[in-house]
Amino acid sequence: MANFVDDLLRIDRKHLWHPYTSMTDPLAVYPVRSARGAVLTLEDGTRLIDGMSSWWSAIHGYNVPEINAAMEQQIGEFSHVMFGGLTHRPAVGVAERLLDITPSSLNHVFLSDSGSIAVEVALKMAVQYWIADGKPEKSKMAVLRGGYHGDTFATMALADPENGMHVLFNDHLAHHFFIPRPACKFGQQWDPSTMEPLQQLLDKSHDGIAALVLEPVVQGAGGIYFYHPNFLQEARKLCDRYNVLLIADEVATGFGRTGELFGCNHANISPDILCVGKALTGGAVTLAATVTTTTVAETISSYGDGALMHGPTFMGNPLACSAANASIDLLLSSPWRQRVHGIEDGLSRGLAPCREFDSVRDLRVLGAIGVVEMVHPVDLATIEPMFVEHGVWVRPFGRLIYLMPPFIISDDELEQLTSAVVKVVASLSC
Ligand SMILES: *Cc1c(COP(=O)(O)O)cnc(C)c1O
């Protein structure tokens, strides 16, 4: 047993890249044997309470009977067929459900494999829309600094060109128009001057802008920042006034994480294009979707041969769609709103002691997301083993130690998570 695990780790270390890591000097990785509910079990039997939902996705926890059953049934029928010229119940089911729960003006669904691709498709829709409308010069994006929209070349170009993860590639990326992230935070008194940078940009450059791209209310991997929902309402009005499409990237915020089903719901707005991914299948398997209005779809289809020029090999994968359908049904039939508010309370209460430490710059909680922002970046190599020692799975990045547990986490488990964070922050502070 021990030998098997040693071999596994040796081969992993020698040959496998992990996300954002060096091949020659990788950080430690922990071998998972099984996962159930809100607990990951390692090969040596160590149980870790999951504070990450595997990057926003495992909202129902792991090994979810309803999702497993749906996938098993689908495997018995077929796992995949091409989507060119064929269709099937699982894909139609996803379209029906998404159109049911996303803002009402959205009417058409493009299925893809991952969040990055869903955003790529959104960008492509926006550019094709303006070509079809006879304004091909409207081809750049307006983007909020501090966002994250994916790792492909088109989506890296939407990351902050100064502080983002992808500055290394700046010379190879498309140039867009950036404005500061909304200065008015969630929960603060609304300050109308928050809109000035967007207003000025659109006033000056709307002739060259296809769309405003943003993560509604919560910026995720770019810094986990919560901004005032009024920004979305006002941005919607400005986009209408200046003839600019609004793309809402809800890959992280979708499916209840922020306390509303979608980030846009905080402001009661409807974007022209909305992207989902991550929690779409409850984290069981990868799937994403780009949803748009009839106006956008019909305009694109009115030009040339009318085709939207995208078509991934695994488009509409039936197995992934069956998981998505089960996950959405499970979410909607669960008391998710209550659970998320309960987690919000538990995170606020449990993390509150962090405010006492000089090493902590800010503590913020929204929905099932809790963030302890440190004054200095944390060293993963030292902090990760400390969390594992405390029996929790937490994966900080930069200055951020954050929790976004599965919605089904118990009060006890949540308490263990927050007290582990407090203890680790305390020991970093002495
Ligand atoms: C994670 C994320 C993406 C990219 O999704 P992948 O599935 O990793 O390609 C895009 N946008 C946002 C807001 C995300 O959080």
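Residues numbered from 1 in each chain as written. Predicted model: local features only at pLDDT ≥ 70, side-chain atom pairs only at ≥ 80, totals over all residues. Heavy atoms only, no water.

- In the nomenclature of an unreviewed UniProt entry, the protein chain corresponds to Adenosylmethionine-8-amino-7-oxononanoate aminotransferase from the organism Candidatus Thiopontia autotrophica.
- For the protein chain, the Catalytic activity (unreviewed entry) comment in UniProt is given as "(8S)-8-amino-7-oxononanoate + S-adenosyl-L-methionine = S-adenosyl-4-methylsulfanyl-2-oxobutanoate + (7R,8S)-7,8-diammoniononanoate".
- Its UniProt record gives the protein chain a comment under Subunit (unreviewed entry), which states: "Homodimer." (UniProt positions renumbered as here; feature names shortened; annotations may be inferred.)

1. Some thoughts on the domain arrangement of the protein chain
Phase 1: You can read the domains of the protein chain as domain 1 (2-60 + 337-428) and domain 2 (68-333).
Phase 2: Taken together, the contacts link 24 residues of domain 1 with 26 residues of domain 2.
Phase 3: Between domain 1 and domain 2, the buried area comes to about 2100 Å², and carbon and sulfur atoms account for 67% of it.
Phase 4: Counting the surface domain 1 buries against domain 2, the share from its top three residues, Trp 56, His 60 and Leu 366, is 35%.
Phase 5: In this assembly, domain 1 and domain 2 are joined by one salt bridge.
Phase 6: Applying the counting rule to domain 1 against domain 2 returns twelve residue pairs in polar contact (both at pLDDT 80 or more). (Domains from an automatic or database assignment. Contact = heavy atoms within 4.5 Å. Buried area = accessible area lost by both parts, 1.4 Å probe. Salt bridge = Lys/Arg side-chain N within 4 Å of Asp/Glu carboxyl O. Polar contact = N/O pair within 3.5 Å; in protein donor to acceptor, adjacent residues only side chain to side chain.)

2. Points about the sheet that holds strand β16 (residues 400-403)
What holds strands together in a sheet is hydrogen bonding between their backbones, with the strands either parallel or antiparallel.
Phase 1: The three strands lie next to each other as β13-β14-β16, forming an open sheet whose pairing is antiparallel. Each edge of the open sheet is held by one strand with a lone partner, namely β13 (360-366) and β16. Strand-to-strand twist across the sheet, computed as the mean angle between neighbouring axes with direction ignored, equals 10 degrees.
Phase 2: Of the strand pairs in this sheet, strand β14 (residues 369-374) and β16 are connected by four bridges, and their pairing is antiparallel. Each residue of the ladder has a partner; that of Gly 370, found in β16, is Leu 403.
Phase 3: Contacts between helix α13 (residues 411-428) and the sheet are confined to β13, β14 and β16, with β16 contributing the most and set at about 165 degrees to the helix. (Pairing = 2+ DSSP bridges. Helix = DSSP H or I, 4+ residues; strand = E, 2+ residues; numbered from the N terminus. Axes fitted to C-alpha atoms, helices over the stretch in contact; angles between N-to-C directions.)

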